[in-house]
Amino acid sequence: MQEAQQAVLKNESPQAETIAVPLAARLGDPLSAVDTPSLILDLDAFEENLRTMQVLAERHGVALRPHGKAHKCPEIALRQIALGATGICCQKVSEAVPFVAAGVRDILISNEVVGPAKLALLARLAKQAHMTVCVDHPRAAQALSATMVEYQASIKVLVELDVGQKRCGVQTPDEAIALIQLVQKLPNISFAGVQAYHGGLQHKRSLEQRQKAAEKAVRLVRQYLRAFAKAGITCPVVSGGGTGSAVFDVASQVYTEIQAGTYAFMDTDYAGIDWGEAVSFRHSLFLLGTVMSTPTPERAVVDLGLKSTSAESGVPLIMDHEGLRCVAVHDEHSILQADSRRNRPDVGAQLRLIPAHCDPTFNLHDSVVAVRGQYVEAIWPISARGLSR
Ligand SMILES: Cc1ncc(COP(=O)(O)O)c(C=O)c1O
């Protein structure tokens, strides 16, 4: 029976075309012609954000090493570097592969790397690019060194300090010094400095509280640096900082480079904090969706859900629409509630939404559609999407 059915199908469509999924957008298309859901980058706002952070870092003589985990897109990293960034950070070794392939030559894996497969990949990358990696345990340093020797590669090491994040990192100056002295003895790895990243303070709402927390972290780093000096250890690099603490970190006279990521895009998570006067960033990243159903006078359903936007930090914010808010995000749908019939968009309306958290949202898309004004200027692959090993 099955065979008979197949024969009929074959006979009915002897020259059936192979159907490829069409691209969501073409260069030069107006935004209104872009298929949805799509991830959109407003190039004017994005470029302004890149300049703002670069100028801030340069004004204080601090290097900017933007975090690639925020976007996973080599085209974006190359633009950050062209503006003056020293290189980028990646959080995972596999994430670095497409960046190296695209020509990024200086990458800090701002994380601990454990396990033979990851170390082997790191060694291969270190033969093509200047790689640096974090270490917080003697065994990890030994395994890193042994793998570098095996692959005839070399790599720089930052010893990670826990400055209040309560994630990875050594806990005391003595522990740090013992680890640094070990790193200095081991072949094919060299001590370059420390990583002192404090994620927990980045989203503190009040500017004053954020400043206090950032200064506390800086005081801790200074204690470490004093202990290093006493032990005769020079520490050229102090790397850390994110979008929320950058203004304080660049002025600290402790950090030599900052690792901000979200500043290029601004999600609602960051938009909700108090920025004060010192610096501001624009929303450059949004999701484009289409209203696919209006089941009630106040309800509209848009064609994007958890497979297009992260929601662990909250629902996306609808742009340009008064009295309309997103109340639920399902797998492929988001539910929008209007405060009146007048404010409910009609079926077919195109909506722009700001994601709550840019990093996991980029990770859901194959490409980002870069627009200038109302027109598509470029489509950039998010080549490191899904690369989390
Ligand atoms: C180690 C490290 N550095 C820098 C960043 C970038 O932070 P942000 O996107 O808040 O600027 C992160 C983000 O989680 C991080 O984990």
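Residues numbered from 1 in each chain as written. Predicted model: local features only at pLDDT ≥ 70, side-chain atom pairs only at ≥ 80, totals over all residues.

**Comments concerning the overall build of the protein**
- Summing up its helical and strand segments, the protein has 11 helices and 17 strands in all.
- In terms of overall dimensions, the protein has C-alpha extents of about 75 × 60 × 35 Å along its principal axes.
- Evaluated residue by residue, the protein yields a buried proportion of 42% over its 389 residues.
- Considering only intrachain contacts with a sequence separation of at least 6, the fraction spanning at least 24 residues in the protein is 66%. (Helix = DSSP H or I, 4+ residues; strand = E, 2+ residues; numbered from the N terminus. Buried ≥ 20, exposed ≤ 12 C-beta atoms within 10 Å, placed from the backbone. Contact = placed C-beta atoms within 7 Å.)

**Topic: the packing of helix α4 (residues 93-101) against helix α5 (residues 116-126)**
- Between α4 and α5, whose axes approach to 10 Å, the crossing angle comes to 25°. By the angle between their axes, α4 is roughly parallel relative to α5. Taken as a pair, α4 and α5 cross one another with a handedness that is left-handed. Within the contact between the two elements, α4 uses Val93, Ser94, Ala96 and Val100 and α5 uses Lys118, Leu121, Leu122 and Leu125.
- Counted by class, the contact of α4 with α5 contains 6 nonpolar, 1 polar and 1 charged residues. (Axes fitted to C-alpha atoms, helices over the stretch in contact; angles between N-to-C directions. Parallel < 35°, antiparallel > 145°, perpendicular 65-115°, else oblique. Left-handed = near helix turned anticlockwise from the far one by under 90°. Nonpolar A, V, L, I, M, F, W, Y, C, P; charged D, E, K, R; others polar.)

**Things to note about the sheet that holds strand β2 (residues 63-64)**
- Sheet architecture is open: 8 strands sit in the order β2-β9-β8-β7-β6-β5-β4-β3, paired in parallel fashion. Two strands lie at the open edges of the sheet, namely β2 and β3 (88-90), each paired on one side alone.
- As judged from the 4 bridges shared by strand β5 (residues 130-135) and strand β6 (residues 155-160), these two strands associate in the parallel manner. Residue pairing in the sheet places Val135 in a bridge with Val159 of β6. (Pairing = 2+ DSSP bridges.)

**Quick word on the domain arrangement of the protein**
- Once the domains are mapped, the protein shows domain 1 (31-40 + 282-381) and domain 2 (44-266).
- Between domain 1 and domain 2, the residue contacts involve 11 residues of the former and 16 residues of the latter.
- Those elements that provide at least two residues to the side of domain 1 that touches domain 2 are α11 (358-362) and β16 (367-372).
- The leading source of residues in the side of domain 1 that touches domain 2 is α11, at 3 residues.
- Of the residues contributing to the side of domain 1 that touches domain 2, the split by class is 5 nonpolar, 3 polar and 3 charged. (Domains from an automatic or database assignment.)

**A look at the site of the ligand**
- Gly242, Thr243, Gln259, Gly261 and Thr262 are the nearest of the 14 residues found near the ligand.
- The class makeup of the residues in the shell around the ligand is 4 nonpolar, 10 polar and no charged. (Near = placed C-beta within 6 Å.)

**Let's talk about unusual backbone geometry**
- A cis amide bond links Thr36 with the next residue in sequence, Pro37, at an omega value of 0°.
- Relative to the helices and strands, Pro37 resides in the loop between α1 (2-12) and β1 (38-42).
- The phi angle at Gln152 is positive, at roughly 55°, despite the residue not being glycine.
- Structurally, Gln152 can be placed in the loop between α6 (138-151) and β6.
- Judged by the 10 C-beta atoms lying within 10 Å of it, Gln152 is exposed.
- The phi torsion at Asn188 lies on the positive side, around 65°, for a residue other than glycine.
- By C-beta crowding, Asn188 is classed as partly exposed, having 18 other C-beta atoms within 10 Å.

**Examining the pairing of strand β13 (residues 324-329)**
- Across 5 bridges, the pairing between β13 and strand β14 (residues 334-338) is antiparallel. The residue of β14 that forms the bridge with Val329 is Ser334.

**Thoughts on the pairing of β14**
- Here β14 shows a buried face lined by Ser334, Leu336 and Ala338 and an unburied face lined by Ile335 and Gln337.
- As paired elements, strand β11 (residues 299-302) and β14 share 4 bridges and run antiparallel to each other. Looking at the pairing, Arg299 lines up with Gln337 of β14.
- The turn joining β13 and β14, which pair antiparallel and follow one another in sequence, is formed by 4 residues.

**Focus: the nonpolar core**
- Core analysis: the biggest nonpolar cluster contains 105 residues, and Leu122, Val159 and Val369 have the highest contact counts within it.
- If one sorts the elements of this core by residue count, helix α8 (residues 207-230) sits on top with 7 residues.
- Apart from the residues lying within four places of it in its own chain, the contact partners of Val159 are Val135, Asp136, Val170, Ala176, Leu179, Ile180 and Val194. (Core = buried A, V, L, I, M, F, W, Y, C linked by C-beta atoms within 7 Å.)

**As for helix α3 (residues 74-82)**
- Those residues of α3 that fall on the buried side of the exposure criterion are Pro74, Ile76, Ala77 and Gln80. Along the long axis of α3, the arc covered by the buried residues comes to 155°, so they all point the same way.
- Those residues of α3 that are buried lie in contact with α2 (43-59), β3, α4 and β17 (375-381).
- Backbone geometry just downstream of α3 places Gly84 in the positive-phi region, at approximately 130°. (Arc of directions from axis to C-beta.)

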